Amino acid sequence: MTLPEIEDLLRERLAGTLPGLDAQMRFAPYPARPGWTAGHFPADARLAAALVLVYPNETGAAVPLTVRHRGLTRHAGQISLPGGATDPGETLVGAALREAAEEIGVDPVAVRVLGELTPVHVLVSGFTLHPIVGITDRRPDFRAAEGEVEEILEVSLDEIRDASRIRTGTRLREGIAVEYPYFDLLGHHVWGATAMVLGEFVCVLADS
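So, here's what we can say about the structure. Keep in mind that this is a model prediction, so the values were computed, not measured. (Residues numbered from 1 in each chain as written. Predicted model: local features only at pLDDT ≥ 70, side-chain atom pairs only at ≥ 80, totals over all residues. Heavy atoms only, no water.)

### Description of helix α3 (residues 92–104)
When the terminal C-alpha atoms of α3 are compared, their 18 Å separation across 13 residues agrees well with the 18 Å that a helix rising 1.5 Å per residue should span. Those residues of α3 that are buried lie in contact with β1 (46–57), β2 (60–68), β4 (83–85), β7 (127–135) and β8 (149–156). Following α3 by one or two positions, G105 has its phi on the positive side, about 80 degrees. (Helix = DSSP H or I, 4+ residues; strand = E, 2+ residues; numbered from the N terminus. Expected span 1.5 Å × (residues − 1). Contact = heavy atoms within 4.5 Å.)

What follows is the structure in structure tokens.
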């Protein structure tokens, strides 16, 4: 598909009924953390936003992900979408664009916002994450924020949509074995909230 065709498709589908929880739960770790309930958003949770940015790359349309810096206190080394907490008085779209500018150098003016995916509550950080989908006509001049982003991963839509890259791993959490579905992308395990967002994004693009 061409970039304009992808844009038209996303605008149409994001304006309709989203795949939602069913799509997200395919990538939820099991068993869930105590206190986490699928589809529940605590009233006291802080708001956060992330940008799912579609842009043209040499291998076709792509989405940038970040490897979080190993020195961070939360989610160090994990793969994330560019994003973070909203500032006082800031909209979700404004926060997603600001964080993408700060973390990876995306020019907010160049991004056309297409819609929003289903929120995900992240129990560990206490945030309810709102994924904002945008598109831009040229590859951004990416710059990784020092001390915050270790590496920027440029992942093609074809790779994200490749079902053979969806796998399951096991890790220990407080002595309990937890199974976690993940995307194997560019040699990295993309799991947790990021995988749940991408899981729904893949469903929005399905059959295209």
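Don't stop here, the text continues.
### Topic: the sheet that holds strand β11 (residues 188–190)
Read from one edge of the open sheet, three strands run β9-β10-β11, paired in antiparallel fashion. Either end of the sheet is taken by a strand with one partner, and the two such strands are β9 (166–173) and β11. Taken over all neighbouring pairs, the strand axes of this sheet differ in orientation by 50 degrees on average, direction set aside. Pairing analysis gives eight bridges linking β9 to strand β10 (residues 176–185), with the strands arranged antiparallel. Looking at β10, one finds that G169 is bridged to Y180. Sheet strands in contact with helix α5 (residues 192–205) are β10 and β11, and its direction is about 50 degrees off that of β10. (Pairing = 2+ DSSP bridges. Axes fitted to C-alpha atoms, helices over the stretch in contact; angles between N-to-C directions.)

### Examining the pattern of salt bridges
The final tally for this structure, using the stated rule, is twelve salt bridges. Here R98 and E90 are joined by a salt bridge, their closest N and O atoms 2.7 Å apart. (Salt bridge = Lys/Arg side-chain N within 4 Å of Asp/Glu carboxyl O.)

### Description of unusual backbone geometry
Among all residues except glycine, the phi angle is most often negative; among peptide bonds, the trans geometry is most common. Residues Y30 and P31 are joined by a peptide bond in cis, for which omega reads -5 degrees. Within the secondary structure layout, P31 lies in the loop between α2 (21–25) and β1. Even without being a glycine, E174 presents a positive backbone phi close to 55 degrees. Inspection of the secondary structure assignment puts E174 in the loop between β9 and β10. E174 sits in the exposed class, given a relative accessible area of 74%. Of note in this structure, L186 is not a glycine but carries a positive phi near 55 degrees. Tracing the backbone shows L186 in the loop between β10 and β11. (Buried < 20%, exposed > 50% of the residue type's maximum accessible area, 1.4 Å probe, protein only.)

### Section: the nonpolar core
The biggest cluster of nonpolar side chains holds 42 residues, and the ones touching the most others in it are L10, V54, L65, L157, F183 and F201. If we ignore the near neighbours within four places in the chain, the residues touching L10 are V54, L114, V133, F201, V204 and L205. (Core = buried A, V, L, I, M, F, W, Y, C linked by side-chain atoms within 4.5 Å.)

### Notes on the environment of H188
Among the secondary structure elements, H188 is positioned in strand β11. H188 gets classed as partly exposed once you look at its relative accessible area, which sits at 22%. Separated by 132 residues in the primary sequence, H188 and P56 have C-alpha atoms spaced 22 Å apart. Non-local contacts of H188, meaning those with residues more than four positions away in its chain, are made with V67, I79, E151, L153 and F183.

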